[in-house]
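Working through the structure, step by step
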Amino acid sequence: MTTKTKSEAAATLPRNTILAGDCIEVMRSLPEASVDLIFADPPYNLQLKGALHRPNNTLVDACDDHWDQFDTFAAYDAFTKAWLAEAQRLLKPDGAIWVIGSYHNIFRVGAELQNQGFWILNDVVWRKSNPMPNFRGKRLTNAHETLIWASKSEAAKYTFNYEALKALNEGVQMRSDWVIPICNGGERLKDEKGDKAHPTQKPEALLHRILVGTTHPGDVVLDPFFGTGTTGAVAKMLGRDWIGIEREEAYRAIAEKRLGNVRRLDRGALEVAVSKRQEPRVPFGQLVERGMLRPGEMLVNARGQMAKVRVDGTLIADDVKGSIHQVGARLEGAPSCNGWTYWHFRRDGQTVPIDVLRQQLRAEMER
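All values derive from a computational prediction rather than experimental measurement.

Attention now goes to the environment of arginine 108. In this structure, arginine 108 sits in helix H4 (residues 106-115). Counting along the chain gives 31 residues from arginine 108 to aspartate 77, while the straight-line C-alpha distance between them is 7.2 Å. The residues touching arginine 108, leaving out its near neighbours within four places in the chain, are Phe73 and Asp77.

Below, the structure written as structure tokens:
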């Protein structure tokens, strides 16, 4: 892992690298259609007016850094238009983008996303379980941020690991309101003075959910506002390649150190739940070709009815011939039948579903 200049990055896609410089200039140096996913946490343009104090008169460590300050809304809109144009260019045809923001900027960013041809898939409310109070008592406590998930175009076949997100949510379909605490405790990075290294450091749990849900291992994830490297740290752990762009030297140094301590999970841990439609298709005939079931071998259903395996992967039961599904349906007098769970074979005195053999072949295909 190294930090490279813009000119050094131009020749090839610099995977697993922090690129130093202005995000728009650096993005222009990267090859077109080379990135699978972009996660962007752009400046919020908070428009803070003076210092913010708690009721006990202590100073709140708010985001008042120079990189978050724009003279006008027009200046911020021009900046948004420029970096989103590069995001559109860099994404692969079936790529997607996540952008996070607060009420100060997310609506302006959302409008520009649509102007650039992105297709909005969801807006997600990140509800903070431990938000900072509204110390002045003049507004509601800002307890959430909004994320926009958009594909590169309306026709893009974007990645969505529905079953994996459902599994993360204890078997219940993942909703668009996510309750996750803000970054604190041991996860909150500190500088040499013991102060927060970055005012808007995102929790790793947030990136974990996004990357598990909308990327695959080996995908390239770009973060044009890399900060202290949360996107890169989670991507590296999850077996995704990453590219970070950060102009602030202090943030790059912290991110380099952080990423050096991250270890990638082993391949088995990176596998996620998939829908039946996403699993590799295994014809029953392959079990016969591979000798896992022999021609002439008898299969049995739960009622003890039997069918003989034929050389072409069809079955015959009395005068009924056809696929494992067709024969099962005829015997049951039903319009359809899942032959994989309907039929069993005998081994060592036990009856075993033929689906066990299908899963063995799928495991081989995925290696």
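Counting buried residues in strand E6 (residues 144-151) gives seven out of eight residues, a clear majority hidden from the surface. The pairing of strand E4 (residues 91-101) with E6 spans six bridges and is classified as antiparallel. Each bridged residue has a counterpart across the sheet, and for glycine 101 the counterpart in E6 is threonine 146. Sheet topology note: the strand E5 (residues 119-127)/E6 ladder contains eight bridges and is antiparallel. Looking at E6, one finds that aspartate 123 is bridged to isoleucine 148.

Another point: helix H13 (residues 355-365). Taken residue by residue, H13 has Asp355, Leu357, Arg358, Leu361 and Arg362 as its buried positions. With its buried residues spanning 155° around the axis, H13 presents them on a single face. Looking at the buried residues of H13, the elements they touch are helix H10 (284-289), helix H12 (339-342), strand E14 (344-347) and strand E15 (350-353).

Take the confidence of the model for the protein chain next. Regions with low pLDDT should not have their predicted coordinates read in detail. Averaged over the protein chain, the pLDDT score is 88; the fraction of residues at 70 or greater is 88%. In the predicted structure, residues 6-10 sits below a pLDDT of 50 and forms nine contacts with residues beyond four places in sequence or in another chain. Across residues 48-54, confidence stays below pLDDT 50; counting only partners more than four residues off in sequence or on other chains, it has 17 contacts.

The rules we used
Residues numbered from 1 in each chain as written. Predicted model: local features only at pLDDT ≥ 70, side-chain atom pairs only at ≥ 80, totals over all residues. Heavy atoms only, no water. Helix = DSSP H or I, 4+ residues; strand = E, 2+ residues; numbered from the N terminus. Contact = heavy atoms within 4.5 Å. Buried < 20%, exposed > 50% of the residue type's maximum accessible area, 1.4 Å probe, protein only. Pairing = 2+ DSSP bridges. Arc of directions from axis to C-beta. pLDDT = per-residue confidence, 0-100.

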